[in-house]
Amino acid sequence: ASRCARVAVFALLCQAVQAFMSYDGGATPASLDTIQENMGGVWSPGEFGLLGSMDKVGMTVTSIMWGRLLQLSNTKLLLGAGLFMNAVWTGLFGSLQSKASMFVAKFAMGATQSLQGVWGTVWTVT
């Protein structure tokens, strides 16, 4: 394939990965009323804020680890496992009814998203 075509595919893949990984970012704000209603109004605004930020904390904490693992292991296998685990944690988050487990799930969602973010922003066309 021509260099122009490879660059276009690279740009499309990088943008698509970021876009698809952002879909669950809207899950928390959209579900706050339901969470509060189903759990008897036990959430404070601060706890909701922390819940909303836990995926970003997970991304930040694990980004260096993912960068190193991407250098040392089979990239396709690692990315596939990361996407699968992200889907699992996102699905779990939707079914959890405990504050602590919801915090853990959001952190894990961010941790698995970090892998895709590190790969998508530093991968180069060679």
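Below: a short report on this structure. A quick note: this is a predicted structure, and the numbers were derived from the prediction, not measured. Numbers given for residues are sequential positions, taken from 1 along each chain in its written order. Where local features are concerned, this predicted model is filtered to residues with pLDDT of at least 70; where side-chain atom pairs are given and counted, the filter is 80 or more; whole-chain, interface and lining totals use all residues. To get the side-chain values, all heavy atoms of the structure are used, and hydrogens and water are removed first.

### Brief notes about helix 3 (residues 45-72)
To keep things clear, this is the line we draw: Where helices and strands are cited, they refer to DSSP runs of H or I of at least four residues and of E of at least two residues respectively, numbered from the N terminus. Expected helix span is taken as 1.5 Å per residue step, with the number of steps being one fewer than the number of residues. Note on bend: the value at a residue is the angle between axes fitted to the seven residues ending there and to the seven starting there.
With 28 residues, helix 3 extends 42 Å between its outermost C-alpha atoms, agreeing within 8% with the 40 Å of an ideal straight helix rising 1.5 Å per residue. Residue T62 marks the point of greatest curvature in helix 3, where the axis turns by about 45 degrees.

### Looking at the side chain of D55
What counts is decided by this rule: A 1.4 Å probe rolled over the protein chains alone gives each residue an accessible area, and that area as a share of the maximum for its type sets the label: buried under 20%, exposed over 50%, partly exposed in between.
By the secondary structure assignment, D55 is in helix 3. The exposure class of D55 is buried, given its relative accessible area of 2%.

### Focus: the pattern of salt bridges
Between side chains of opposite charge, a pair can form as their charged atoms come close. What counts here: Any carboxyl oxygen of Asp or Glu within 4 Å of a side-chain nitrogen of Lys or Arg constitutes a salt bridge here.
According to the stated counting rule, one finds three salt bridges in the structure shown. With a shortest N-O distance of 2.9 Å, K56 and D55 are connected by a salt bridge. Across the pair K106 and D55 runs a salt bridge whose closest N-O atoms are separated by 3.8 Å. Of the two residues, K106 sits in helix 5 (residues 99-122) while D55 sits in helix 3, which places them 51 residues apart along the sequence. Taken as a pair, K106 and D55 share a single burial class, namely buried.

### Some details on the environment of I35
To keep things clear, this is the line we draw: Should any heavy atoms of two residues lie within 4.5 Å, those residues are considered in contact.
Mapped onto the elements of the fold, I35 is located in helix 2 (residues 27-38). Between the alpha carbons of I35 and L96 there is a distance of 9.6 Å; along the sequence they are 61 residues apart. Residues within four places of I35 in sequence aside, it is in contact with W43, F48, L51 and M102.

### Looking at the packing of helix 4 (residues 75-95) against helix 5
Basically, it comes down to this: To define axes, lines are fitted to C-alpha atoms, for helices over the stretch in contact only, and angles between the resulting N-to-C directions are given on a 0 to 180 degree scale. Comment on the angle field: the value is read as roughly parallel under 35 degrees, roughly antiparallel over 145, roughly perpendicular from 65 to 115, and oblique elsewhere. Each helix crossing is assigned a hand: it is left-handed if the near helix lies turned anticlockwise from the far helix by less than a right angle, otherwise right-handed if that turn is clockwise.
Where helix 4 meets helix 5, the closest approach of the two axes is 9 Å, and the angle between their N-to-C directions is 155 degrees. As the angle between them shows, helix 4 and helix 5 are arranged roughly antiparallel. Note on packing geometry: the crossing formed by helix 4 with helix 5 is left-handed. Contact with helix 4, carried on its side by T75, L78, L79, G82, L83, M85, N86, W89, T90 and F93, involves M102, V104, A105, K106, A108, M109, T112, Q113, L115, Q116 and W119 of helix 5 and no other residues of that element.

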